[in-house]
Structure formats: structure tokens, C-alpha cells
Amino acid sequence: MSMILETFGLTKRFGATLAVDSVSMRIEQGEIYGFIGKNGAGKTTLMRTVLGLALPSSGTYRLFDGLNAREAGRQIGSLVETPGFFKNCTAMENLERFSRLYGADTDEVPGILEMVGLGSAGSKKVRQFSLGMQQRLGIGIAVIGHPAFMILDEPVNGLDPAGILEIRNLILELNRKEGTTFLISSHLVDELSKIATRYGIIRNGRLVEEITESELLYRCRGRLRLVVDDPYRASALITGQYPAVGIEIRHHALLLDAGPELAPDLNRLLLAGNVSVSSIGTEDASVESYFVERIG
């Protein structure tokens, strides 16, 4: 599998402020990489740096297994911060102008307008667009020329639920049909979890974790919840029999890193140890809570 983006100790300072702190990340071809962090965590700065819009203070990065910057740039589409539109032009005129700038075929413009939901924008000037319409146009510009890698910073910002669904489906379609690789930042963790195949979590400029979709689902699997009359005695009994099972005591409940298949054996063990069990069930951990805990 070829590597689309690799960073090696990438660091960006603004005076005394360390915006990106020695980040080493990898994005493979075909991945949808969800980039998660609070405002000011360094997401946008890192994106701007790998796009060549800002120079790194130290460290380096490599695109497309070492392709030179000019050639790599031709294969990247991006939407980072506020795009520089021609405000007195329509959406179609904007796309035609950017297509010419990129050396792309302007015949594709009507199809792109329909793809991003601006087919009915007509003669409306971009200066009259809502934030959501501007986001759609920005994504339209990003897909000009069928880029192999797209970098999208908060792509559904300002969109209503229907618009978010449309952009989600567009990303999945481009990934599935054209093999487009994505680096996407978003505050909507639940929405990002519907499309991402791998995640990078950034906190105060540092990449604190990279995790695949399957690893995330495993870590957010349901835990076994037992309500007992003596939680500390129950914990000691379970630890003695199952030392590898993690246990959290929460009032009269025990939360165990174990599946429901262990419930019958645990019930028998506790009853034999004179611990009364009033209920056994599962408690799911949400994807959102997993990320919130790590981004601070």
C-alpha cells in the first residue's frame, strides 16, 4: 500500500507559541483519516503546512511516497479555512475560473455543481451565499481535476442535516469509486465516525493517538455491569478467578472489561462467595466520550 502522507517530527512555531509539536503521522492510500482535536489544537496549522501554505519550523513531511512538491500539488484538492472565492461571480463562474487555473476540463463544472448541491444556485453571486453554500462551493473547487488526495478542514461547517448527509455520501462515493484518500478534520465526532477508517487525535499540538476504525469499535465495546450488595468483596472474588479482567467500582456496580458470555460464570462465582447479585447487563461506551476523554 503506497503512502499518501507521512510527517516526521513536524513542528510549527508562531513566536513563543508551539502550534504543532513534533507530529509524526501516516496516511495510506484509500484511507479516510479523521483528524480530531479541540479548537487551537493544531489541526488547521498542520494541514496548511503539508499543503505548502506555511513553512515548518522543524521536521519534514513527504507526499505520495516522495513525489516532488509541484507534482504532488497537482494531485491534491483542499478546503482549509475560508476559500478565496471570486465574490462577484456565480458558483459556475467560480468553478470555471478555478478549473482554468488548475488546467482542468471546464466541461465537468455542471456535474460538480450538481454533486455539491449547487445546481440550482443559478445567477446568484457568491457574495450572497450563506456559510453552508460557501462550504459546498469550497468542496466543489476541491474536487476539480479528480485529486487523489483531499484535505478538508471542517467540511460540513454551516451545513444543515440534509447537507451534512450529502457531503458524507459524496466523500464515501469518491473514496469507494475513485479511491480518493482523505484527511478530514471535524468537531462533529459522531459524524466523522460514520466515514473514517482511521483517526489521529491531536492535543495541544501533539499527536496523542492514532487508531483504526476496528480498534476504536473494540475499545468502545460494551462492558459487563453487575449490581451487587458488596462491590469490594465481589471485586476481590472476580480478580482471584479472572486476574486479567479489568474492574471499575462505581457505587454498588462493577464495570468489567468482559463480554456477556462471562455473565453466568460470574453470577455463580459471586453467589458461591455470598455476594448477592441484583442485576447483570452491559454498558456501552460512546465513540464521542472516547475522543472527548483524549482531547481534553
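This section reports on the structure supplied with the text. (Residues numbered from 1 in each chain as written. Predicted model: local features only at pLDDT ≥ 70, side-chain atom pairs only at ≥ 80, totals over all residues. Heavy atoms only, no water.)

This part is about the sheet that holds strand β12 (residues 247–250). In spatial order, the strands read β12-β13-β11-β14; together these four strands make up an open sheet with antiparallel pairing. The open sheet has two edge strands, β12 and β14 (277–283), and neither has a second partner. Across the sheet, the axes of successive neighbouring strands diverge by a mean angle of 20°, strand direction being ignored. The strands touched by helix α9 (residues 231–241) within the sheet are β11 (223–228), β12 and β13 (253–256), with β12 carrying the most contacts at an inclination of about 175°. Packing of helix α10 (residues 263–272) onto the sheet brings it into contact with β11, β13 and β14, and relative to β11 it is tilted by some 25°. (Pairing = 2+ DSSP bridges. Helix = DSSP H or I, 4+ residues; strand = E, 2+ residues; numbered from the N terminus. Axes fitted to C-alpha atoms, helices over the stretch in contact; angles between N-to-C directions. Contact = heavy atoms within 4.5 Å.)

The phi torsion at Phe64 lies on the positive side, around 50°, for a residue other than glycine. Residue classification places Phe64 among the buried residues on the basis of a relative accessible area of 13%. Unusually for a residue other than glycine, Glu154 sits at a positive phi of about 50°. Looking at the secondary structure, you find Glu154 in the loop between β7 (149–153) and α6 (161–178). (Buried < 20%, exposed > 50% of the residue type's maximum accessible area, 1.4 Å probe, protein only.)

Checked against the element boundaries, Glu28 lands in strand β3 (residues 26–28). Measuring from C-alpha to C-alpha, the distance between Glu28 and Ala196 comes to 13 Å, with 168 residues separating the pair along the chain.

A word on the nonpolar core. Membership of the largest hydrophobic core comes to 46 residues, with the highest contact counts inside it found for Leu118, Leu137 and Phe291. Once residues lying within four places of it in the same chain are set aside, the contact partners of Leu137 are Phe85, Ala91, Asn94, Leu95, Leu118, Val126 and Phe129. (Core = buried A, V, L, I, M, F, W, Y, C linked by side-chain atoms within 4.5 Å.)

Right, let's talk about the pattern of salt bridges for a bit. Counting across every chain of the model gives 16 salt bridges. Two residues, Arg206 and Asp21, come together in a salt bridge whose shortest N-O distance is 3.0 Å. Residue Arg206 is located in strand β10 (residues 206–212), and its partner Asp21 is located in strand β2 (residues 17–23); the two are separated by 185 residues in the primary sequence. Owing to a relative accessible area of 43%, Arg206 belongs among the partly exposed residues under this scheme. Take Asp21: its relative accessible area is 18%, and that puts it in the buried class. The closest approach of N and O atoms between Lys194 and Glu191, which form a salt bridge, is 3.9 Å. Judged by its relative accessible area of 12%, Glu191 is buried. Salt bridges linked by common partners bring Arg168, Asp190, Glu191 and Lys194 together as one network. (Salt bridge = Lys/Arg side-chain N within 4 Å of Asp/Glu carboxyl O.)

The element strand β1 (residues 3–14) is extensively covered by neighbouring structure, given that nine of its twelve residues are classed as buried. Two strands pair when backbone bridges link them, and β1 and β3 are joined in this way by three bridges, in the antiparallel orientation. Note on β3: the bridge partner recorded for Met3 is Glu28. Sheet analysis places β1 next to strand β5 (residues 58–63), joined by five bridges and oriented antiparallel. Bridging across to β5, Leu5 finds its partner in Leu63.

Right, let's talk about the packing of aromatic side chains for a bit. Enumeration over the complete set of coordinates arrives at six aromatic pairs. Between Tyr33 and Phe35, the aromatic rings sit 6.4 Å apart at their centres with planes inclined by 55°, giving tilted as the arrangement. Judged by relative accessible area, which is 0%, Phe35 ranks as buried. When the ring of Phe64 is compared with that of Phe149, the centres are 6.5 Å apart and the planes differ by 85°; the resulting orientation is edge-to-face. Taken together, the residues Phe64 in the loop between β5 and α2 (69–73) and Phe149 in strand β7 connect sequence positions 85 residues apart. Judged on exposure class, the residue Phe64 and its partner Phe149 are both buried. Between the NZ or CZ atom of Arg97 and the centre of the ring of Phe86, over which it lies, the distance is 4.9 Å. Looking at Arg294, its charged tip hangs above the ring of Tyr290, at a distance of 3.5 Å from the centre. (Phe/Tyr/Trp six-rings, centres within 6.5 Å; stacked < 30°, edge-to-face > 60°. Lys NZ or Arg CZ within 6 Å of the ring centre and 35° of its normal.)

Further remarks concern helix α11 (residues 287–295). Residues of α11 that are buried include every one of Val287, Tyr290, Phe291 and Ile295, and no others. One side of α11 holds all its buried residues, which, seen down the axis, span an arc of 115°. Where the residues of α11 are buried, they touch β4 (32–36), α7 (189–192), β9 (198–203), β10 and α8 (213–219). (Arc of directions from axis to C-beta.)

The mixed open sheet is built from six strands, whose spatial order is β6-β7-β8-β4-β9-β10. This sheet does not close on itself; its edge strands, each paired only once, are β6 (76–79) and β10. When the angles between neighbouring strand axes are averaged without regard to direction, this sheet yields 15°. Relative to β9, β4 is paired through four bridges, and the arrangement is parallel. What sits directly across from Phe35, in β9, is Gly200. The sheet strands contacting helix α5 (residues 131–142) are β6 and β7, and the helix crosses β6 at an angle near 170°. Together, β4, β9 and β10 form the strand contacts of α11, whose direction differs from that of β9 by roughly 35°.

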